[in-house]
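Coordinate inspection notes
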Amino acid sequence: MSEIDYEELIRSPLDDFDRGPSSPWVAMLGGLIAGLIVGYLVVVLIGGDEATPTTVASSVETTTSTVPAEMVALDYPAGYLEFAPDLAARPEVIYVEDNTVIVAFTSVASRGSDPAAVSWPHGGSWLLQTASGVTLRSSRVVFGAYSPGSFSVRFPAANLGPAEFGTIRMLERWDAERYAGSASTPFAGEPFELTDPLSIPVNQDVTLLVPRLQLGRFSGSAEWQISGAQMGAAVDMTAVLVDDADEEVGIFAAPAQILDPGNEGILDFNWQRSFPNDQEGATTVDLEYTVDVIDVTATDVMFSLDDVPVER
Amino acid sequence: MNAGRFAAGFLVGVIVAAVLAAGLGGQEQVATTTTQTTAPPVVQSQEPWFQPGEAVIGATVVLPGALNIDDGTAYLSFDLVGLAPTLFPDDRLSGLAMPAGDPMELPEIWELATVAGETVTGTTGPSSRSVSFDLPSPDDEVATITLVGWRVPVPFGESVTLPVEEGATGELRRGTVTFASVLEQSISTIVTVDFDREGDLWQSWVELRPRDGHWRVSGRQGGGMQLTWDGDDAPDSIVIEDAGYELFPVTGSILVYDEAGL
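A quick note: this is a predicted structure, and the numbers were derived from the prediction, not measured.

Observations concerning unusual backbone geometry
All names here are of chain A. Following Glu-190, the chain continues into Pro-191 via a peptide bond in cis, with omega recorded as 0°. Not every positive phi belongs to a glycine, and Asp-86 is a case in point at roughly 60°. As for its position among the elements, Asp-86 is in the loop between strand 3 (81-84) and strand 4 (87-96). Among the residues examined, Asp-86 registers a relative accessible area of 37% and is labelled partly exposed.

Description of the packing of aromatic side chains
Within this structure, the stated rule accounts for 13 aromatic pairs over all chains. Ring geometry for Tyr-95 of chain A versus Phe-156 of chain B: centroids 4.5 Å apart, planes at 65°, classification edge-to-face. In this pair, Tyr-95 of chain A is assigned in strand 4 and Phe-156 of chain B in the loop between strand 9 (142-154) and strand 10 (159-163), connecting two distinct chains. The same class applies to Tyr-95 of chain A as to Phe-156 of chain B, namely buried. Among the aromatic side chains, those forming a connected cluster through ring pairs are Phe-83, Phe-105, Trp-126, Phe-143, Phe-151 and Phe-303 of chain A. Seen from the ring of Trp-49 of chain B, Arg-111 of chain A lies directly overhead, with NZ or CZ sitting 4.2 Å from the centre. Seen from the ring of Phe-156 of chain B, Arg-173 of chain B lies directly overhead, with NZ or CZ sitting 3.9 Å from the centre.

Some thoughts on the nonpolar core
In terms of nonpolar packing, the biggest core is built from 35 residues, with Val-62, Trp-110, Leu-112, Phe-133 and Leu-147 of chain B touching the most fellow members. Of all the secondary-structure elements, those providing two or more residues to this core are strand 4 and strand 5 (100-109) of chain A together with strand 3 (55-57), strand 5 (73-82), strand 6 (106-114), strand 8 (130-134), strand 9 and strand 19 (245-258) of chain B. If sequence neighbours within four positions are ignored, Val-62 of chain B has contacts with Glu-54, Ala-55, Ile-57, Phe-78, Asp-79, Leu-80, Pro-107, Trp-110 and Leu-147 of chain B. Membership of the second largest hydrophobic core comes to 33 residues, among which are Leu-198, Ile-226, Ala-229 and Val-291 of chain A.

Parameters and conventions
Residues numbered from 1 in each chain as written. Chains lettered and ligands numbered in written order. Predicted model: local features only at pLDDT ≥ 70, side-chain atom pairs only at ≥ 80, totals over all residues. Heavy atoms only, no water. Helix = DSSP H or I, 4+ residues; strand = E, 2+ residues; numbered from the N terminus. Buried < 20%, exposed > 50% of the residue type's maximum accessible area, 1.4 Å probe, protein only. Phe/Tyr/Trp six-rings, centres within 6.5 Å; stacked < 30°, edge-to-face > 60°. Lys NZ or Arg CZ within 6 Å of the ring centre and 35° of its normal. Core = buried A, V, L, I, M, F, W, Y, C linked by side-chain atoms within 4.5 Å. Contact = heavy atoms within 4.5 Å.

What follows is the structure, encoded as structure tokens:
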């Protein structure tokens, strides 16, 4: 076996090139630089954007985005609280009389609603609390027939003294379910008097009875009774005279009014047609009715009375 | 041997680069930008119902118009619009019931402040649609106009119980109820009710009615009425109720005009 000089075999011609005394460290430095470059490129290419530092910071940087405020238009003027659908109220003044405390409200229809289409409740149950803790329960709610939107809640209160008032709460609202229809009876001219009472089923529980209907030349009246309604009903009627061809001859109607719910009542009619003003040709009375059957809705709407003026 | 040194250097470079990259990556995580996004604040804006500068008194909106100054007098025109609901559709309204949109609250007392700091008062009535102020001097300029008094309708629902006797009398807040005559017949009883009203007419509306619906209002005259009971069983007394209202004075401070344009 000949001994091969491996050192000679791997020897490069450049090995004899004189690089000076530092050439070994230069080779290492070159390798180091190349390694840095390659390492950097590998990290960048493999790591992608996530590895690309864009910000160097020693702590968490927090930015708060500026979100524009959402401006919400109020459904009601300031100070009003909704107490029925599309209807809000505000206490305006308190009257203290000898045996009664009266809290007067104004009310408004909601923004965008039709004030003529908003239904007022027919009443309700209220609690008045004084600053000293005395609680009064309402006896009646009075609606302004001639002052739309205004109503007063009355409280019996004997010997209340110089009380300060804290809050008023609506505990119940008396809503109404409306039923409408008509019933007919023959008409043979005025003066007209109903011969047999009209019994009209309003729904499966409630019956409207008309025991008396009188129609004269220019006026008339109708008595009504309600059965089967737990809290009564508000009843309105008009008497429409029609001929054999079912054409309208004229109408008896009661003046527009706030109808108090109850179990019986009388409506006074006036002839509504100015010309021609007779009832010639009429053969039938169509008694058209609306019956608002009262139903109780539980609520809890509380109004502060802190800034409400008190009249004594 | 240089190749070996180069390789060693290369290896160290790669490791250092990796370490640096890792280090920078760590710094990148530390430097995470956190964006705090919160729900937009909800601000209840007093958005006008009709126009900027309007003033709301009860269920009525006061819409200020033009301000004119003529010969030492300042005039502010305004309009009124109601927001109140009504129970009745328009086709059922009688001449007395107020339709929706009609103002029920009424401006009454106004204060004008001049730029020089002096204050003068103006008053308005139910049908007024402008208010005038006598300025302290013809050259005065208007700084602000403030509504400081207005009227709010209050339905009292008060009542008085009277015996069915001629001459029976009872007091209500706004007048005296008297049974002027009682006519008892075999088939009916007719009671004529007079009402002697007190106070300024524009400050209230009186509408008498019997609480018991069996008493029919068979006629009205002035503030009184005629009641009829059909049958021979009329009760001994009648509860007379006032279904009207009284315009109650309310004081406050609502800026209606500001020379600064607020």
